[in-house]
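Chain and residue survey
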Amino acid sequence: MSDHTITPSSNATSMRTHMCGELRSDQIGQTVSVCGWVGRRREHGEHLAFVDLRDHSGIIQCVVNDDVDVRSEYVLRITGTVRARPEGTVNDGLPTGEVEIGDCQVEILRQATPPPFPIDARADDVDENVRLQHRYLDLRRERMQKNLRVRSKINAAVRNAMDAQGFVEVETPMLVPSTPEGAREFLVPSRKEPGSFYALPQSPQLFKQLLMVAGVDRYYQMARCLRDEDLRADRQYEFMQLDMEMSFVTQDDVLDAVSEAVLDAAEVATGERPLPIERITWREAMDRYGIDKPDLRFGLELTELTPIFAATEFKAFAGAGAIKGIRVPGGADEYGRNQLDKLTDRAKSLGAKGLVWLKTTDEGFDSPVAKFLSDDEAAAVRSAMGAETGDLILVVADEWMTTCEVLGTLRNDLGRPPVHEGPYRYVWVVEFPLFVGVDKESGRPKPGHHPFTTPHPDDLDKIESDPLSVRSIAYDLVLNGWELGSGSIRIHEPDLQRRVFHALGISDEEAERKFGFFLNPFDYGAPPHGGFAFGLDRLVAILAGEENIREVIAFPKTQSGTDPMTNSPIPGDPKALAELGLKVLPPAT
């Protein structure tokens, strides 16, 4: 091949033949053109300089005349010949490290002001507000470019999986009526109807169910949703979700369809397809892990001890609704008295009356409460926990829910690895309670999911007599302890919907007023249907190895809900407010 033969890449344009990160030793001898930003410039001997040129694909070293005045982040087009780096100068840390571009002709496409932080991994230590203020620079970095491209691959994989299963992508409105249930909404004033408001959608829930009435049969959407809730590591005002709904299905059909999309997404992001997703009931999740979004990557499971203390004389355990423990292998030596006191304070702050700790020794237990346990009780606890000498046992005795939740939180405190470490452990949690707790004012149960969720068929006779024991056909998808999303089989029969409304204290008149626009279309023939939605931001964050979804969103808000780059939110323009019939009042005190 002659020195001037050019074999363009698939990314070639009229200005470049290759991306910076594409060049390898098999291109040696080719004349190429690359475009990008100056990462570094280093003087090299007589009249020469090394310029590291960077684009989203990587970095290539270019040897240029030192009289070419290029500086950090200048935008260049460089044409030259690919050649092997001299012996002893190969950079094994770069995919392009065996080659460089020589005989360079440099065209400055745009000069640049020095950036406020380095455009490399060192920016990880820069204050996040500074990074977000200059997000367009932050996104140039290798880490952020990788995250955006992982996100793009996941989106494509999800779409392909849904298309392959016969789903139809349908866009639903962004200006919707305000709904009486759910999270706090963003309201949009109507200019045409002064004093009236649209809401931005929390989800396409109402519309996707109406699409089932419309006979669409299988719907999906990469839906943008908005909720005016406090922000945190896994929550933004704006978020993207895979939203889907299916007709003539059972729970298994929905879970199978979603699992296919999720596993396809994981495969394109990581190169490996996870194992089929296992399923556990909500009750099992609480009993074993103390939480309804369990992280299955580590042990420290809760062990049932209640039967052991059925006739105990230890007052702290006597009469407790549930007694459970977790075993910390080797924890007897690892946790001193100060640390154990902190664990006890932590348990109390979570609502427990206290925390019993037992250090396993050859002779029995080393603990202030060991003397209150009978020999049979101590032996039974050791056997049930599978404890060995040197282990630490932590026990909580309280009401069942409190016991589970306190130990579940301690379990995560003590053993949970970073969200992206270890294997990707998906789990479906099914059979959530239909109702959770009782409203203090009305004395009525509160819905666990939403009031249109189908009760478990085996529990229909308990809706009026024992509502808090009724299970639902609702399900959550959890990955490494993060809830990705939730869904349910919907109620499509008016008599059953009326029974659930009555259990919630919603009269027929109130139901018609609040939900008539949604439920009345069901009278025209609503098929059995169910659906699901999962957060794409959360899924991408985990698969990209990030702890915060802000790192996988191109232009996110800060924890306080502001955007340092655009300085939003900003006060409304007085003329626009007047046109909308709005007046801004001072904050409530």
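Use the structure listed above.
The paragraphs below set out a description of the structure included in this document. Source: prediction; values computed, not measured.

So, about the overall build of the protein chain. Assigned secondary structure in the protein chain consists of 14 helices and 22 strands. Principal axes of the C-alpha set define a box for the protein chain whose edges measure 90 × 75 × 55 Å. Residue pairs at least 24 apart in sequence account for 66% of intrachain contacts in the protein chain once pairs closer than 6 positions are excluded. Here the protein chain displays about 29,300 Å² of accessible surface, and carbon together with sulfur accounts for 50% of that area. Mean positive and mean negative side-chain charge positions of the protein chain (66 and 94 charges, respectively) differ by 4 Å.

To continue, consider unusual backbone geometry. Pro569 follows Ser568 through a cis peptide bond whose omega is 5 degrees. Topologically, Pro569 is positioned in the loop between helix H13 (536–543) and helix H14 (574–580). We note that Asp217 has phi near 80 degrees; this positive angle belongs to a residue other than glycine. Tracing the chain through its elements places Asp217 in the loop between helix H4 (205–213) and strand E9 (218–226). Look at Asp217 and you get partly exposed, because its relative accessible area is 30%. Positive phi, close to 55 degrees, is recorded for Phe248, a residue that is not glycine. Here Phe248 is to be found in the loop between strand E10 (238–247) and helix H5 (251–270). Classification of Phe248 as exposed rests on a relative accessible area of 61%.

The next thing to look at is the sheet that holds strand E14 (residues 356–360). Reading across from one edge, E12-E13-E16-E14-E15 is the order of the 5 strands in this open sheet, with antiparallel pairing throughout. The open sheet is flanked by strand E12 (303–304) and strand E15 (365–366), the only strands paired with a single partner. Pairing analysis gives 2 bridges linking E14 to E15, with the strands arranged antiparallel. Of the residues in E15, the one forming a bridge with Thr360 is Phe365. Here helix H8 (residues 337–349) sits on the sheet in contact with E14 and strand E16 (392–398), set at roughly 145 degrees to E14.

Take helix H3 (residues 142–164) next. The terminal C-alpha atoms of H3, which comprises 23 residues, lie 33 Å apart, in line with the 33 Å expected from a rise of 1.5 Å per residue. Of the positions making up H3, those classed as buried are Met144, Gln145, Asn147, Val150, Arg151, Ile154, Ala157, Val158, Ala161 and Met162. Positive backbone phi, at 85 degrees, marks Gly166, one or two positions downstream of H3.

Sheet architecture is open: 8 strands sit in the order E6-E9-E10-E22-E21-E20-E17-E11, paired in mixed fashion. The open sheet has two edge strands, strand E6 (168–169) and strand E11 (278–281), and neither has a second partner. The pairing of E9 with E10 spans 9 bridges and is classified as antiparallel. What sits directly across from Cys225, in E10, is Phe239. Relative to E9, H3 is tilted by about 150 degrees, and along the sheet it contacts E6, E9, E10 and strand E22 (529–535). H4 contacts E9, E10 and E22 of the sheet and is inclined by roughly 20 degrees relative to E10.

With that out of the way, let us pick up the packing of H3 against H5. Look at H3 against H5: their axes get within 8 Å of each other, and the N-to-C directions meet at 145 degrees. By crossing handedness, the relation of H3 to H5 is classed as right-handed. Residues Val150, Lys153, Ile154, Ala157, Val158, Ala161 and Met162 of H3 form the contact with H5, whose participating residues are Glu260, Ala261, Asp264, Ala265, Val268 and Ala269. Across the contact of H3 with H5, the residue classes tally to 10 nonpolar, no polar and 3 charged.

Rules used throughout
In this numbering scheme, every chain counts its residues from 1 along its sequence in written order. Restriction of local features to residues with pLDDT of at least 70 applies here, the model being predicted, together with a cutoff of 80 or more for giving and counting side-chain atom pairs; totals for whole chains, interfaces and linings are based on all residues. The side-chain quantities take in all heavy atoms of the structure and omit both hydrogens and water. Helical segments are the DSSP runs of H or I of at least four residues, strand segments are the runs of E of at least two, and each set is numbered from the N terminus. The contact criterion used is simple: two residues touch if any of their non-hydrogen atoms lie within 4.5 Å. Every accessible area reported is derived by Shrake-Rupley at a probe size of 1.4 Å, with residue values counting cover from the shown protein chains alone. Note that His is not counted, nor are the chain ends; the positive residues are Lys and Arg, and the negative ones are Asp and Glu. All charge positions are set by atom: Lys at NZ, Arg at CZ, Asp at CG, Glu at CD. Three labels apply to residues, based on accessible area from a 1.4 Å probe with only protein chains included: buried if under 20% of the type maximum, exposed if over 50%, partly exposed otherwise in between. Pairing between strands is defined by DSSP: at least two bridges between them are needed. Helix axes use the C-alpha atoms of the stretch in contact, all axes being lines fitted to C-alpha atoms, and the angles between their N-to-C directions lie in the range 0 to 180 degrees. Multiply 1.5 Å by the residue count of a helix minus one, and that product is the helix's expected span. A clockwise turn of the near helix away from the far one marks a right-handed crossing, whereas an anticlockwise turn of less than a right angle marks a left-handed crossing. By the convention adopted, Pro, Cys, Tyr, Trp, Phe, Met, Ile, Leu, Val and Ala count as nonpolar, Lys, Arg, Asp and Glu as charged, and the other residues, Gly among them, as polar.

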